Amino acid sequence: MDIVPEIIRENIINLINKKERADGRALDEFRKIFIETGVITKAEGSARVKLGNTQLLVGIKPQIGEPFPDTPNMGIIITNSELLPMASPTFEPGPPDERSIELSRVVDRCIRESNMLNLEKLCIVEGSSVWLLFIDLHIIDYDGNLFDAAVLATVAALRDTKLPTAKIEEDEIILDYENPQPLPLEDTALMCTFAKIGDQMILDPSLDEEEILTARLSIGMRPDGTICAMQKGGEGSLTKDDILKAIDITKGRIPQLMEELDKTIPQAR
Amino acid sequence: MIIIITPDEFKRVSQATREDGRAPDEIRPLKIEAGILERADGSSYLELGGNKILVAVYGPREAQIKRLQRPDRAVIRCRYNMAPFSVEERKRPGPDRRSVEISKITAEALRPALILERFPRSVIDVFIEVLEAEGGTRCAGITAASVALADAGMPMKDMVVACAAGKVNGRIVLDLSEEEDKRGEADMPVAILPRNKEITLLQSDGNLTQEEFEEALDLAIKGCLKINKIQKEALKKKYGE
């Protein structure tokens, strides 16, 4: 943990109580968003996202594997994140720690539960061969709010992904790399994360804000306003009003995120 | 991040002799940027052909592990890591034997350039992330790491610059691509301090006669000197003359 000096802490809280922020944003405003896709040629799909100074890469690699016994006709997505030691002086090399695992699980839940990806269409031979999609999040610069940046980058990378078409001829799977197809994406979900500081719920916390928050709330939402994933974090508590307020702000901000996404990489049809 | 600019001096001059059309003494298109990450003390981004490499430097900072501390100088630590999506078949995350060896020789290649005596008991961390690999990543990592160390303000006697030479189809060539490395007879990564041309890294994998070795070494040094110009340009672009 970074130690935020007491003066910065007081300053941030005083500003937020006056509905202001240190970087001049409104309480419900995102930092500058930058999205770029197709950044890794060797990955079947990739994206780089910057949210303020937070920066990450997502690469998607497919493999053919066996389905889970309880879902023999469905493809599999595996989400993994690396909080690289290059991204922050507080990140250590080594196997994923609890922060990294929480991040990948929340991103995974948002993608999975939104049903944006039709996993049944990733089945090649029922019961024996399905597509496994590895979603690897590579965090390279950490300046607060990894969740929203990670979901945005993952959705952008999924939209960028093309798989070879798989045909079955005489019990053999033939992969046609000359006619790659986009993924069966049928919806979108994006995420808004809030920090509770003082009595306010502020959107897209910066690093300093993240260090002093009492509670954190992430909301995954589809463009139609339905909620597909939530995660509360932090040592403090939230009131029901805090949560409803955050949902309201999320509803207002998802169109902005969608616009940024569509501008860079529209949904393939 | 994906735009590859080809400096004029590397445009093909002699007739095409290699699979990708390069002359034997020609390196792949190279681009280096300094200072691109916010949190790191120093950083750089390098593209060499299909290689994409990001380096961050932290330090000099207090060595958390007591046994690493040296009472009279700082210690340099390197971590070379490949992204799971950097290669054709997904690579399992985390260190393997290859990356541990490359990390060690990279730290040793950079060490002679650094004036570590200024920072007793501290550690300098160099994190090399291979975002996309296309042959010659260890050399590209060293070249980029040296730019990131300069960007971090580390006192240095010189830059360190690396380039490989090798033997492909019976011919000594510079800067082997992934394809050439796979099919070639020998690959020899070299790092030098460009001012006195002393060698700080030397590996060789494959068969060479003594004459071939000397030719390859001379060629690698020639390549290093070309790359060193681009390293310096990247720093000048960031910090002015």
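### Remarks on the nonpolar core
- By size, the foremost hydrophobic cluster in this structure holds 66 residues, and its most contacted members are Leu103, Leu117, Leu133, Leu158 and Leu190 of chain A.
- In terms of residue count, the dominant contributor to this core is helix H3 (residues 146-160) of chain A (11 residues).
- Leaving out residues up to four positions away in the same chain, Leu158 of chain A has contacts with Ile60, Ile111, Met116, Leu133, Ile135, Leu183 and Leu185 of chain A.
- Within the second largest apolar cluster, 62 residues are counted, among which are Ile128, Ile142, Cys163 and Leu219 of chain B.

### Structural notes on empty space enclosed by the protein
All names here are of chain B.
- Tallied over the full model, the rule gives two cavities of 30 Å³ or more.
- Size it by volume and the largest cavity reaches roughly 70 Å³.
- Looking at the largest cavity, it is lined by 13 residues, and the ones nearest its centre are Leu48, Cys139, Ala140, Ala162 and Ile227.
- If you list the elements that add at least two residues to the lining of the largest cavity, you get strand E2 (42-48), helix H2 (137-151) and strand E6 (161-168).
- Its residues assigned to classes, the lining of the largest cavity comprises nine nonpolar, two polar and two charged.

### Focus: the sheet that holds strand E1 (residues 30-34) of chain B
All names here are of chain B.
- Read from one edge to the other, the open sheet built from five strands follows the order E1-E2-E3-E5-E4, with strand pairing classed as mixed. Both outer strands of the open sheet, E1 and strand E4 (75-82), are each paired with one neighbouring strand and no more. If you compare each strand with its neighbour and ignore which way they point, the axes differ by 15° on average.
- In terms of strand pairing, E1 meets E2 through five bridges, oriented antiparallel. Residue Glu33 lies in a different strand from E2, and its bridge partner there is Tyr45.

### A closer look at the packing of helix H2 (residues 98-113) of chain A against H3 of chain A
Residues and elements named next belong to chain A.
- One can describe the packing of H2 onto H3 by two numbers: an axis separation of 10 Å at closest approach and a directional angle of 50°. Taken together, the axes of H2 and H3 lie oblique to each other. Between H2 and H3 lies a crossing of right-handed hand. Within the contact between the two elements, H2 uses Glu102, Leu103, Val106, Val107, Cys110 and Ile111 and H3 uses Leu146, Phe147, Ala150, Val151, Thr154, Val155 and Leu158.
- Partitioned by chemical class, the residues of the contact of H2 with H3 number 11 nonpolar, one polar and one charged.

### Section: the sheet that holds strand E9 (residues 190-197) of chain A
All names here are of chain A.
- Pairing within the open sheet is antiparallel, and its four strands lie in the order E10-E9-E11-E12. Pairing within the sheet leaves two strands with one partner each, and these edge strands are strand E10 (200-203) and strand E12 (227-233). Pairwise comparison of adjacent strand axes, ignoring direction, gives a mean angle of 25° for this sheet.
- Pairing analysis gives seven bridges linking E9 to strand E11 (residues 215-221), with the strands arranged antiparallel. Among the inter-strand pairings, Cys192 is bridged to a residue of E11, identified as Ile219.
- Docked against the sheet, H2 engages E9, E11 and E12, running at close to 160° with respect to E12.
- Its contacts with the sheet place helix H5 (residues 240-264) against E9, E10, E11 and E12, and it is angled at close to 140° to E9.

Scoring rules and cut-offs
- Residues numbered from 1 in each chain as written.
- Chains lettered and ligands numbered in written order.
- Predicted model: local features only at pLDDT ≥ 70, side-chain atom pairs only at ≥ 80, totals over all residues.
- Heavy atoms only, no water.
- Core = buried A, V, L, I, M, F, W, Y, C linked by side-chain atoms within 4.5 Å.
- Buried < 20%, exposed > 50% of the residue type's maximum accessible area, 1.4 Å probe, protein only.
- Helix = DSSP H or I, 4+ residues; strand = E, 2+ residues; numbered from the N terminus.
- Contact = heavy atoms within 4.5 Å.
- 1 Å grid on protein atoms, 1.4 Å probe; cavity = no way out; pocket = protein on both sides within 12 Å on 5 of 7 lines; lining within 4 Å.
- Points joined across faces, edges and corners; volume = space filled by probe spheres on them.
- Nonpolar A, V, L, I, M, F, W, Y, C, P; charged D, E, K, R; others polar.
- Pairing = 2+ DSSP bridges.
- Axes fitted to C-alpha atoms, helices over the stretch in contact; angles between N-to-C directions.
- Parallel < 35°, antiparallel > 145°, perpendicular 65-115°, else oblique.
- Left-handed = near helix turned anticlockwise from the far one by under 90°.

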